[in-house]
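Examination of the molecular architecture
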Amino acid sequence: MASEATNVSPSTTHPSGLAQRYALALLELAKEKKAVDAIAGDLDRLQDLVAEDAGFRAFIHDPRLDAASQQRGAFAVLDRIKIGGDVRKLVGVLIANRRLGTLPDVIAAFGGLLAEQRGQQTAEVATAHRLTDVQRTQLTARLTEAGYSNVKLVERVDPTLLGGLVVRLGSRLYDSSIKSKLQRLQYAMKGAA
C-alpha cells in the first residue's frame, strides 16, 4: 500500500480544537434530535462539494467577504444541493462568528467523532485527485488486510502531492506520494554530492 510508515504527533492528525468544539456541539444536537444519520449525510454531501468545487473552496476561505455576502452565497449553495436544517444553522453560526473557513475542519471533526462513537477507526487519506469508488473500496480492503478493521475514510484532495496518497491512521503515517518520493530522491542526491 505505502512505501514508508512513520510516527507523527497526534496534533497533526486531528482538526483544531475550535473545529472539534463546533463538531461536538453539532453531534450532541444531532443525537438529541435523533437525526445523526441525516446530519451526517448532509455533511458528507457538503464535504463532497468542498472537495470537488474549487470555486466554493475559494469562497469559504475568502477573507474579503463580509458576513452578509458569505451568508447569501453559502445559503444559495446549500439550497442548490438541498441542505437545510441543522447543517444550514451550523454554516450560519460559522459565518456569524467569522469562521466559515473552518467548515472543512468541522466536517472532518464531526466525521471523526461519529466514527469514534460507532467504534470505527478513522483513516485520513490525502490524494492529488479525488478517489474513485473502486479506489476507495480497494484502499479499505488493503487497510483491512493490514489489520485495521472497521475503517472510515476521511478524504482530502491535495494537488501538491502530484500523485499517490498519504494515509494517516492514528499516529501512523503511510506516505506513497510522488512529492515525498521526489523529496527523498533530492535528499539522496544532496548526500551523494
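Just above sits the structure.
Residues numbered from 1 in each chain as written. Predicted model: local features only at pLDDT ≥ 70, side-chain atom pairs only at ≥ 80, totals over all residues. Heavy atoms only, no water.

On a regular strand, one side chain projects to one face of the sheet and the next to the other, so that they alternate. Among the five residues of strand β4 (residues 165-169), four are classified as buried, and the element is accordingly described as predominantly covered. The pairing of strand β2 (residues 121-127) with β4 spans five bridges and is antiparallel. When the sheet's bridge partners are listed, T127 is paired in β4 with L165. With four bridges connecting them, β4 and strand β5 (residues 172-175) associate as antiparallel partners. Residue pairing across strands places R168 opposite L173, the latter belonging to β5. Where β4 folds back on β5, the antiparallel hairpin that results is connected by two residues, among which G170 adopts a positive phi of roughly 65 degrees. (Buried < 20%, exposed > 50% of the residue type's maximum accessible area, 1.4 Å probe, protein only. Helix = DSSP H or I, 4+ residues; strand = E, 2+ residues; numbered from the N terminus. Pairing = 2+ DSSP bridges.)

Next up on the list: unusual backbone geometry. Look at K34: it is not a glycine, yet its phi comes out positive at around 55 degrees. Within the element layout of this structure, K34 appears in the loop between α1 (17-33) and α2 (36-52).

With that out of the way, let us pick up the packing of α1 against helix α5 (residues 85-96). Each pair of packed helices gets described by two things: the angle between the helix axes and the distance between those axes. The N-to-C vectors of α1 and α5 enclose an angle of 155 degrees; their axes lie 11 Å apart at closest approach. What the angle tells us is that α1 and α5 run roughly antiparallel. Along this stretch, α1 crosses α5, giving a crossing that reads as right-handed. Packed against α1, whose contacting residues are Y22, L26, L29 and K33, the element α5 presents D86, K89, L90, V93 and L94 at the interface. Looking at the contact of α1 with α5 residue by residue, the class counts come to six nonpolar, no polar and three charged. (Axes fitted to C-alpha atoms, helices over the stretch in contact; angles between N-to-C directions. Parallel < 35°, antiparallel > 145°, perpendicular 65-115°, else oblique. Left-handed = near helix turned anticlockwise from the far one by under 90°. Contact = heavy atoms within 4.5 Å. Nonpolar A, V, L, I, M, F, W, Y, C, P; charged D, E, K, R; others polar.)

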